[in-house]
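As a plain string of letters, each chain reads:
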2 protein chains.
Amino acid sequence: MTKIKNDLFLKALKGETVTRPPVWMMRQAGRFLPEFRAIREKYDFFTRCRTPELASEITVQPYRRFGMDAAILFSDILVIPQAMNIEVEMKAGIGPWLPKPIRSQKDVDEVIVPDVKVELGYVMEAIKATKELLNNEIPLIGFAGSPWTILCYCVQGQGSKTFDKAKEFCFTQPIAAHTLLQKITDTTIAYLKEKVKAGVNAVQIFDSWGGMLSPVDYQEFSWKYINQIIEALKDEAPVIAFGKGCWFALEEMSNSNASALGVDWTITPKMARKLTNNSITLQGNFDPARLLSPPSEIKKMVKIMIDEFGKDKYIVNLGHGILPNIPLENAKAFIDAVKEYN
Amino acid sequence: MTKIKNDLFLKALKGETVTRPPVWMMRQAGRFLPEFRAIREKYDFFTRCRTPELASEITVQPYRRFGMDAAILFSDILVIPQAMNIEVEMKAGIGPWLPKPIRSQKDVDEVIVPDVKVELGYVMEAIKATKELLNNEIPLIGFAGSPWTILCYCVQGQGSKTFDKAKEFCFTQPIAAHTLLQKITDTTIAYLKEKVKAGVNAVQIFDSWGGMLSPVDYQEFSWKYINQIIEALKDEAPVIAFGKGCWFALEEMSNSNASALGVDWTITPKMARKLTNNSITLQGNFDPARLLSPPSEIKKMVKIMIDEFGKDKYIVNLGHGILPNIPLENAKAFIDAVKEYN
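Residues numbered from 1 in each chain as written. Chains lettered and ligands numbered in written order. Predicted model: local features only at pLDDT ≥ 70, side-chain atom pairs only at ≥ 80, totals over all residues. Heavy atoms only, no water.

## Some details on the pattern of salt bridges
Under the counting rule described, the total for this entry stands at 32 salt bridges over all chains. With its nearest N and O atoms 3.8 Å apart, the salt bridge here joins Glu125 of chain A to Lys128 of chain A. With a gap of three residues between them, Glu125 of chain A and Lys128 of chain A both fall in helix α8 (residues 121–134), about one helical turn apart. Here Glu125 of chain A falls in the partly exposed class, since its relative accessible area comes to 41%. Connected via shared salt-bridge partners are Asp217 of chain A together with Arg290 and Glu297 of chain B. (Salt bridge = Lys/Arg side-chain N within 4 Å of Asp/Glu carboxyl O. Helix = DSSP H or I, 4+ residues; strand = E, 2+ residues; numbered from the N terminus. Buried < 20%, exposed > 50% of the residue type's maximum accessible area, 1.4 Å probe, protein only.)

Take a look at the structure:
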């Protein structure tokens, strides 16, 4: 693999000493950027995901404007269920919408484990196009949703505050639930391996809804499958596991073969280091809503955050995706504060 | 005050040794009961809250059916902003709806601290009517939302996954936010004192959205005000503080003058005891969605939960409100499992 000019991010994933920590922002390729909104006006969501020229252009937009230390491929976690024969739409004002949610063993039986090279070939093309645009300046991150998070949408049929239907499915039909989770896991492993072959330098697993589960249920329905993915990918590329609200599992996660763990903003850096025994690279955890504070305040808070996490074994990020209503100068203050850190 | 026949709940709040822990369920007075739904068909939400005969009847319904060890007054946390001159509606399919959300210092200036005896007299009447129905058999709990949680609705104008507008208000107009929080706090203190005079045996503060804040912001915008309420009430009645998602503040909370702390289902009993230094009564924390499991499984899980928390300094409860779709026999299994514990 060709050498990446700015390798701060890759160094941090290896736990190597750096002059300053690297920085990127979850959901940076998207809705808060005017140049992204211009593209959105012309093309619908899945067209943007499926057209390599569009996906690659969107991916590099935040880098061009702010100079982050890593890019993340513009895509969506729901391309996986789509490829598995589950219909997924993106509805304005609602978000993901699955007209035929999975509710029975029979529904699960109809779900396929696809040939990802065929069904998700457009993602691999988007990666190749992005690598050309990036010209080895910074690393490119590929991602997938955790099997549990994907199940949440497949069963609930849309976003939810509680994902009660998804939980009901798992608690009343555990055999069907585990069959579905394994199918999603198998597809995800094949998908991420292809992404690495296509050129991504690291992968991140987003467990957006793991924090809806009790610690015991998290082990059974989420972590077990995330860990399968980590084990399958560990020799191909560094894996970052991000579980929103999953502070309770951090200790176990730190004993896995993940290269880094993402943490949300409800944990102090000190507690995050303590629960992970100072043994692993951490990524996070600025409250996305705190990017609404004045830029000067953002800069102060970022400096404190880096001081508290420490500059090594650390990747500066938000604690969840950037909000659509963040002013550009505020996002810039966040990135600049990291670059000015010493 | 007359002696309560079943004083398990009050004993647990004092940390006294008990034969078995007491049990009640958050949101037990309401939507999962057919006898409640029969009343709901005839009377709208705020009529039910404002009519002492209805509120008291709804309050005792779950006790009649299942024999919990405490009743909680049927009411709503949003009666407070209503009394403060903020319009609040309850819309079918949406939930709370505030047509004129608070967004500026001027809006805050128009909010009043009311005479709760006048504006919320109907709540005191409901308490008296309930006490008569309960006939000193079990204790009655009164409640209020935390000032932060009330602010969330007042500013956002409705429920939300992120309460981003509420957070934006606090982060960009902190002076206005603190003025509003103090007005809510002053009203809440007067309100809860009146409730105690009217006959409730304990009060619970629900901080449903405290877990949306970072630990630093939680101190500034939520805990500071909850603690004022605890300090003002501590000599009048035992105070239970329940912060959903507020595990990160448990240690500090355990050093307050609260009599008990509520915990949600995303923390293990062991970790909850550790973070509170084994020093305070804990209440919780069964995943409400786990009440969808078969009754025999529920009973096993409840027994394990009590074993892990320990029977003393412990109040069995859910980790959040009961869901509307819980079968009656499942709720019964939950209560029975506690009564059968030895």
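Next comes the rest of the account.
## Description of the relation of the copies chain B and chain A
By a simple turn and slide, chain B fits onto chain A: the slide is 0.0 Å along the axis, the RMSD is 0.0 Å, and the turn is 180°. Those values place the two copies in the arrangement expected of a two-fold rotation axis. Relative to the rotation axis, the C-alpha of Lys161 of chain B is the closest in chain B, positioned 3.1 Å from it. A shared binding surface is used by both copies, with 100% of the interface residues of chain B retained as interface residues in chain A. (Least-squares fit on C-alpha atoms with pLDDT ≥ 70 in both. Contact = heavy atoms within 4.5 Å.)

## Examining the interface of chain B and chain A
The interface of chain B with chain A comprises 31 residues on the first partner and 31 residues on the second. When chain B packs against chain A, the two sides together hide about 2,500 Å² of surface, and 62% of this comes from carbon and sulfur. For chain B, the biggest contributors to the area lost against chain A are Phe171, Trp247 and Thr266 of chain B; these three give 24% of the whole. Between chain B and chain A we count four salt bridges in total. Where chain B meets chain A, there are six residue pairs in polar contact (both at pLDDT 80 or more). Contributing elements (two or more residues each) for the side of chain B that touches chain A: α10 (164–172), α12 (215–233) and α14 (269–275) of chain B. By residue number, the principal contributor to the side of chain B that touches chain A is α10 of chain B, which donates five residues. (Buried area = accessible area lost by both parts, 1.4 Å probe. Polar contact = N/O pair within 3.5 Å; in protein donor to acceptor, adjacent residues only side chain to side chain.)

## A look at the packing of helix α15 (residues 295–309) of chain B against helix α16 (residues 328–339) of chain B
A pair of packed helices is captured by two measures, namely the crossing angle of their axes and the spacing between those axes. Residues and elements named next belong to chain B. Packing of α15 against α16 brings their axes to within 9 Å, and their N-to-C directions diverge by 35°. For the pair α15 and α16, the crossing hand works out as right-handed. Residues Pro295, Ile298, Lys299, Val302, Met305 and Ile306 of α15 lie in contact with α16, whose contacting residues are Glu329, Asn330, Ala333, Phe334, Asp336, Ala337 and Val338. A breakdown of the residues in the contact of α15 with α16 according to their chemical character gives nine nonpolar, one polar and three charged. (Axes fitted to C-alpha atoms, helices over the stretch in contact; angles between N-to-C directions. Left-handed = near helix turned anticlockwise from the far one by under 90°. Nonpolar A, V, L, I, M, F, W, Y, C, P; charged D, E, K, R; others polar.)

## Quick word on the packing of aromatic side chains
Overall, the coordinates contain 27 aromatic pairs over all chains when judged by the stated rule. Aromatic side chains Phe286 of chain A and Phe334 of chain A sit 5.3 Å apart centroid to centroid with 55° between the ring planes, which places their arrangement in the tilted category. Note that Phe286 of chain A is positioned in strand β8 (residues 281–286) and Phe334 of chain A in helix α16 (residues 328–339), a separation of 48 residues in sequence. A ring pair is formed by Phe143 of chain B and Phe206 of chain B, whose centres lie 5.5 Å apart and whose planes are at 80°; its orientation type is edge-to-face. Of the two residues, Phe143 of chain B is situated in strand β4 (residues 140–145) and Phe206 of chain B in strand β5 (residues 202–207); the sequence distance between them amounts to 63 residues. Overall, Phe143 of chain B belongs to the buried group, its relative accessible area being 9%. One Lys or Arg, Arg50 of chain A, reaches over the ring of Tyr122 of chain A and ends 5.9 Å from the middle of that ring. (Phe/Tyr/Trp six-rings, centres within 6.5 Å; stacked < 30°, edge-to-face > 60°. Lys NZ or Arg CZ within 6 Å of the ring centre and 35° of its normal.)

## Topic: the environment of Val116 of chain B
Residues and elements named next belong to chain B. By the element assignment, Val116 lies in helix α7 (residues 116–119). Taking the relative accessible area as the measure of exposure, Val116 reaches 4% and is therefore buried. As for Val116 and Ala260, which are separated by 144 residues in sequence, their C-alpha atoms are 26 Å apart. The contact partners of Val116, leaving out residues within four places of it in the chain, are Gly121, Thr187, Ala190, Tyr191 and Glu194.

## Let's talk about the pairing of β5 of chain B
All names here are of chain B. Of all six residues in β5, six are buried, a share of seventy percent or more. Covered by surrounding structure in β5 are Ala202, Gln204 and Phe206 together with Val203, Ile205 and Asp207, the residues of both alternating faces. Where β4 meets β5, five bridges bridge the pair, whose relative direction is parallel. Of the residues in β5, the one forming a bridge with Gly142 is Val203. (Pairing = 2+ DSSP bridges.)

## Brief notes about the side chain of Lys131 of chain B
Residue and element names in this part refer to chain B. Along the chain, the position of Lys131 falls in helix α8 (residues 121–134). There is no salt bridge for the buried Lys131, and the closest opposite charge comes from Glu132, which lies 11 Å off by N-O distance. Within polar-contact distance, the side chain of Lys131 engages the backbone oxygen of Gly199 at 3.2 Å. Once residues within four sequence positions are removed from consideration, Lys131 is found in contact with Ile4, Asn136, Leu140, Ala198, Gly199 and Asn201. (Lys, Arg positive; Asp, Glu negative; His and termini not counted.)

## Structural notes on the nonpolar core
In this structure, Leu151 and Phe334 of chain A together with Leu151 and Phe334 of chain B are the most contacted members of the largest nonpolar core, which totals 270 residues. Beyond its immediate chain neighbours, meaning those up to four positions away, Phe334 of chain A contacts Val23, Met25, Phe286, Leu291, Ile298, Val302, Met305, Val316, Asn317 and Leu318 of chain A. (Core = buried A, V, L, I, M, F, W, Y, C linked by side-chain atoms within 4.5 Å.)

## Topic: the side chain of Asp217 of chain A
Topologically, Asp217 of chain A is positioned in helix α12 (residues 215–233). Side-chain polar atoms of Asp217 of chain A contact the side chain of Arg290 of chain B, separated by 2.7 Å.

## Regarding the pairing of strand β9 (residues 314–318) of chain A
Residues and elements named next belong to chain A. For β9, a buried count of five out of five residues is recorded, marking the element as mostly surrounded by other parts of the structure. Along β9, one buried face is formed by Tyr314, Val316 and Leu318 and the opposite face, lined by Ile315 and Asn317, is buried too. Of the strand pairs in this sheet, β8 and β9 are connected by five bridges, and their pairing is parallel. The partner of Phe286 across the bridge, within β9, is Leu318. With helix α15 (residues 295–309) bridging β8 and its parallel neighbour β9, the resulting β-α-β unit is right-handed. (Right-handed = clockwise from strand over helix to strand, strands pointing away.)

## Let's talk about the environment of Lys234 of chain A
Residue and element names in this part refer to chain A. Looking at the element boundaries, Lys234 is found in the loop between α12 and β6 (239–243). Lys234 gets classed as partly exposed once you look at its relative accessible area, which sits at 35%. Measuring from C-alpha to C-alpha, the distance between Lys234 and Phe248 comes to 23 Å, with 14 residues separating the pair along the chain. A polar atom in the side chain of Lys234 sits 2.8 Å from the side chain of Glu231.

## Notes on α8 of chain A
Its 14 residues give α8 of chain A an end-to-end C-alpha distance of 20 Å, which sits within 8% of 20 Å, the value for a rise of 1.5 Å per residue. Within α8 of chain A the residues assigned to the buried category are Gly121, Tyr122, Val123, Met124, Ala126, Ile127, Thr130, Lys131 and Leu134 of chain A. (Expected span 1.5 Å × (residues − 1).)

## A closer look at helix α11 (residues 174–198) of chain B
Over its 25 residues, α11 of chain B runs 36 Å from end to end, which matches the ideal 36 Å to within 8%, given 1.5 Å per residue. At the C-terminal side of α11 of chain B, Gly199 of chain B shows a positive phi close to 130°.

## A few points about the sheet that holds β9 of chain A
Residues and elements named next belong to chain A. Strand order in the open sheet formed by seven strands is β1-β4-β5-β6-β7-β8-β9, with parallel pairing between adjacent strands. In this open sheet, the two edge strands, each paired with only one partner strand, are β1 (71–72) and β9. Across three bridges, β6 lies against strand β7 (residues 260–262) in parallel orientation. In the sheet register, Phe242 faces β7, and the bridge partner there is Gly262. Packing of helix α11 (residues 174–198) onto the sheet brings it into contact with β4 (140–145) and β5 (202–207), and relative to β4 it is tilted by some 170°.

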